[in-house]
Amino acid sequence: AGQSHTVDARGMSDGTLRFLAILTALLTRPEKSLLVIEEIDNGLHPSRANMLLDMLKTIGKQRGVDVLATTHNPALLDAMGTEMVPFITVAHRDRISGHSALVLLEDLKQLPKLLAQGTIGRLSSKGIIEKSLQQSFDFGEMSESNNG
């Protein structure tokens, strides 16, 4: 029962190798450090989103490692649920300046109305969050021009 089994990494999928690399990084980073991962779920099957998120939260908390990750994956966003809204930042392109802008999801005035339409992943995949950001920006611009 206590036998070990060796698996050749060359036979593993890219997603499995990526998952193991993230786990290794999380376990070997110095405590109280930051781990930054771009497209964290790249190559992972959507059904593994909950497992990935649980691993990041559990081991990150145990070791005091903060994780900053990017994703476009609706499954991972859905796995985050509403309890993680304070930790989600949305990147979007400012239509006027063309610059990228970062906005905390919880700062969206329309967030309760948006969440009534579906999960965060669904809202993202349908472009609803970006439309809301653009409408907020347009409204803010109109208010500024009326005041000036």
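All residue numbers refer to position in the chain's written sequence, counted from 1. Confidence filtering applies because this is a predicted model: local features only for residues at pLDDT of at least 70, side-chain atom pairs given and counted only at 80 or more, and all residues used for totals across whole chains, interfaces and linings. The basis for every side-chain value is the complete set of heavy atoms in the structure, and neither hydrogens nor water enter the calculation.

Q: Please clarify how the packing of helix α1 (residues 14-28) against helix α2 (residues 49-63) should be interpreted in this entry.
A: Helices that pack against each other are described as a pair by the angle of their axes relative to one another and the distance between those axes. Put simply, α1 and α2 touch, their axes get as near as 9 Å, and they point 10° apart. By the angle between their directions, the pair α1 and α2 is classed as roughly parallel. Seen from above, α1 lies across α2 with right-handed handedness. Across from Phe-19, Ile-22, Leu-23, Leu-26, Leu-27 and Thr-28 in α1, the residues of α2 making contact are Met-51, Leu-52, Met-55, Leu-56, Ile-59, Gly-60 and Arg-63. Geometry is summarised by axes, namely lines fitted to C-alpha atoms with helices restricted to the contacting stretch, and by angles between N-to-C directions that run from 0 to 180 degrees. For the purposes of this entry, the term helix denotes a DSSP run of H or I that reaches at least four residues, the term strand denotes a run of E that reaches at least two, and both are numbered from the N terminus. Between 65 and 115 degrees an angle is taken as roughly perpendicular, under 35 as roughly parallel, over 145 as roughly antiparallel, and anywhere else as oblique. Definitions for this section: a left-handed crossing has its near helix turned counterclockwise from the far helix by less than a right angle. A right-handed crossing has that turn clockwise. Whether two residues are in contact is decided by their heavy atoms: any pair within 4.5 Å suffices.

Q: Just checking my understanding: could you explain α1 for this structure?
A: An α-helix turns once every 3.6 residues. As a result, residues three or four positions apart point the same way. Here α1 contains 15 residues, and its C-alpha end-to-end distance of 21 Å stays within 8% of the 21 Å for a straight helix at 1.5 Å per residue. Listing the buried residues of α1 in full gives Gly-15, Phe-19, Ile-22 and Leu-26. Within α1, the buried residues cover an arc of 65° as seen down the axis, which keeps them to one side. Seen from the buried face of α1, the exposed residues on the opposite side, beyond 90 degrees, are Asp-14 and Thr-28. On its buried face, α1 is in contact with β1 (34-37), α2 and β2 (66-69). A helix is expected to span 1.5 Å multiplied by its residue count minus one. Only protein chains enter the accessibility calculation, which uses a 1.4 Å probe. A residue is then buried if its area is under 20% of the maximum for its type, exposed if over 50%, and partly exposed in between. Think of it as the arc spanned by the lines of direction from the helix axis to the C-beta atoms.

Q: What exactly am I supposed to notice about the pairing of strand β3 (residues 89-93) here?
A: Sheet faces and side chains relate simply in a regular strand, where the side chains alternate between the two faces. Residues Val-90 and His-92 line the buried face of β3, whereas the alternating positions Thr-89, Ala-91 and Arg-93 sit on a face that is not buried. In terms of strand pairing, β3 meets strand β4 (residues 100-104) through five bridges, oriented antiparallel. Bridging from a neighbouring strand, Ala-91 pairs with Leu-102 of β4. Two strands form a pair only when DSSP identifies at least two bridges running between them. Hairpin remark: β3 followed by β4, antiparallel, with six residues in the connecting loop; positive phi at Gly-98, about 80°.

Q: Is there a simple way to explain the nonpolar core in this structure?
A: The nonpolar side chains of soluble globular proteins are, as a tendency, buried together. By size, the foremost hydrophobic cluster in this structure holds 31 residues, and its most contacted members are Leu-52, Met-55, Leu-105 and Ile-129. If one sorts the elements of this core by residue count, α2 sits on top with six residues. If we ignore the near neighbours within four places in the chain, the residues touching Met-55 are Phe-19, Ile-22, Leu-23, Leu-26 and Gly-60. Here, nonpolar core refers to any group of buried Ala, Val, Leu, Ile, Met, Phe, Trp, Tyr and Cys residues whose side-chain atoms link them within 4.5 Å.

Read these as geometric descriptors, not functional statements.
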